[in-house]
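Spelled out from the first residue to the last, the chains are:
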Amino acid sequence: MSSDWKDDKFFEELARQGQDGLNLPAKEATTDLDKLGRLRETRLKLTLRTLVFLGALLACGHIMRLTLPDLEYFLSRGQAPVDLGDLRTPEFRASVLDSLPSNTLVSFRNDVITMDRIHTKEHEFYFSPLALCIVRTAEPLPDKSGYEMLTNEMNDWETDLVLKKKAFPEDFQVRFEGTGRFIHHQDLPSWTRPLLAYYARGSGTPVERIHLVLDGELPQNQWPALVICLAALIIIFITMALFIRALRAHLRVSKGVPA
């Protein structure tokens, strides 16, 4: 080898000869490699953003589906409650609740409290033999212990309930009134199943006739449902925008359009 050759020139010549043997110009080979690298990069980015978008769509869609009843109830704010009136009047019929849709604000008064021993740290429960509803309330229920040993005169309607074992005589000595959210039997949440079985068995009422009233749960208090749904929509739109952006970038590189 001549002394005029330097190491760098030797390798440059070797690279040129290799390219000539493949009949590929150096510039074209470099361009193809760059395009292949960009194509792989955009394909990987598109795959990742597709997975993120689909995951966000499924997760946020599920959250929104669970939150829609609360959102529906929140949007009904400002409407007057459905007044069930005095439940002890002969005119009242429990059957009116069978056609009442869930997430309706209702009010009632003069209810009879039965089977009221179930309570949690925040709520108390009782069964209404008049409305055939489980009532949950944050208010303390009236104490009936002072009436258990007293003999009180009852009218025919009250006597009939006692004879049918749907109430005790002391139950008629106290009363309850409330305003809250009505949930139809078909839409009862899963946490009510033990209560439903207990009250159905104790009252002799068919399970499919029992509804739920959440006393004190007002539409305007359900504003978090709106925030949750809006946040879920924002996440879906952001991930969708990122997905579309990655898809366009991948298509441009595939067609050879400069980024």
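Computed from a predicted structure; not experimentally measured.

Q: Just checking my understanding: could you explain the overall build of the protein chain for this structure?
A: Helix and strand counts for the protein chain come out as five helices and six strands. Mapped in sequence order, the helices and strands of the protein chain form the string α-α-β-β-β-β-α-β-α-β-α. The buried share among the 259 residues of the protein chain stands at 35%. Considering only intrachain contacts with a sequence separation of at least 6, the fraction spanning at least 24 residues in the protein chain is 72%. Summing over all exposed atoms, the protein chain offers an accessible surface of approximately 16800 Å²; the carbon and sulfur share of this is 59%.

Q: Explain a nonpolar patch on the surface to me, please; I cannot follow it from the model alone.
A: Together, Leu226, Leu230, Leu233 and Phe237 make up a nonpolar patch on the protein surface, roughly 340 Å² of accessible area in all. Topologically, Phe237 is positioned in helix H5 (residues 223-254).

Q: Quick question: what am I supposed to make of the confidence of the model for the protein chain here?
A: Caution is warranted with low-pLDDT regions, since their predicted coordinates should not be read in detail. On average, the protein chain scores 85 in pLDDT, and the residues at 70 or more come to 83%. The spread of mean pLDDT over the elements of the protein chain runs between helix H1 (residues 7-21), the lowest at 51, and strand S6 (residues 211-215), the highest at 97. Predicted confidence for residues 1-5 stays below pLDDT 50, and this span has three contacts to residues more than four positions away or in other chains.

Q: Hey, could you run me through the side chain of Thr114 in this one?
A: Relative to the elements of secondary structure, Thr114 occurs in the loop between strand S2 (104-111) and strand S3 (124-128). Overall, Thr114 belongs to the buried group, its relative accessible area being 2%. A polar contact of 2.6 Å, which involves the side chain of Thr114, links it to the backbone oxygen of Phe127. If near-sequence neighbours (up to four positions away) are discounted, Thr114 is found in contact with Tyr126, Phe127, Pro129, Lys144, Lys166, Ala167 and Asp171.

Q: Help me understand a positive patch on the surface, please; the structure alone is not making it clear to me.
A: A contiguous patch of positive charge, built from Lys45, Arg245, Arg248 and Arg252, is present on the exposed surface. With three residues, H5 is the largest single contributor of residues to the positive patch. Summarising the element assignment, Arg245 is placed in helix H5. On the basis of relative accessible area, Arg245 is assigned to the exposed category, the value being 60%.

Q: Whenever I open this one, the environment of Ala246 confuses me. Can you help?
A: Here Ala246 lies in helix H5. Separated by 203 residues in the primary sequence, Ala246 and Arg43 have C-alpha atoms spaced 8.3 Å apart. Apart from the residues lying within four places of it in its own chain, the contact partners of Ala246 are Lys45, Leu46 and Arg49.

Basis of the calculations
Residues numbered from 1 in each chain as written. Predicted model: local features only at pLDDT ≥ 70, side-chain atom pairs only at ≥ 80, totals over all residues. Heavy atoms only, no water. Helix = DSSP H or I, 4+ residues; strand = E, 2+ residues; numbered from the N terminus. Buried < 20%, exposed > 50% of the residue type's maximum accessible area, 1.4 Å probe, protein only. Contact = heavy atoms within 4.5 Å. Areas by Shrake-Rupley, 256 points an atom, 1.4 Å probe, with all protein chains shown as cover. Patch = residues over 30% accessible without salt bridge, like charges linked within 9 Å, V, L, I, M, F, W, Y side chains within 5 Å. Salt bridge = Lys/Arg side-chain N within 4 Å of Asp/Glu carboxyl O. pLDDT = per-residue confidence, 0-100. Polar contact = N/O pair within 3.5 Å; in protein donor to acceptor, adjacent residues only side chain to side chain. Lys, Arg positive; Asp, Glu negative; His and termini not counted. Charge placed at Lys NZ, Arg CZ, Asp CG, Glu CD.

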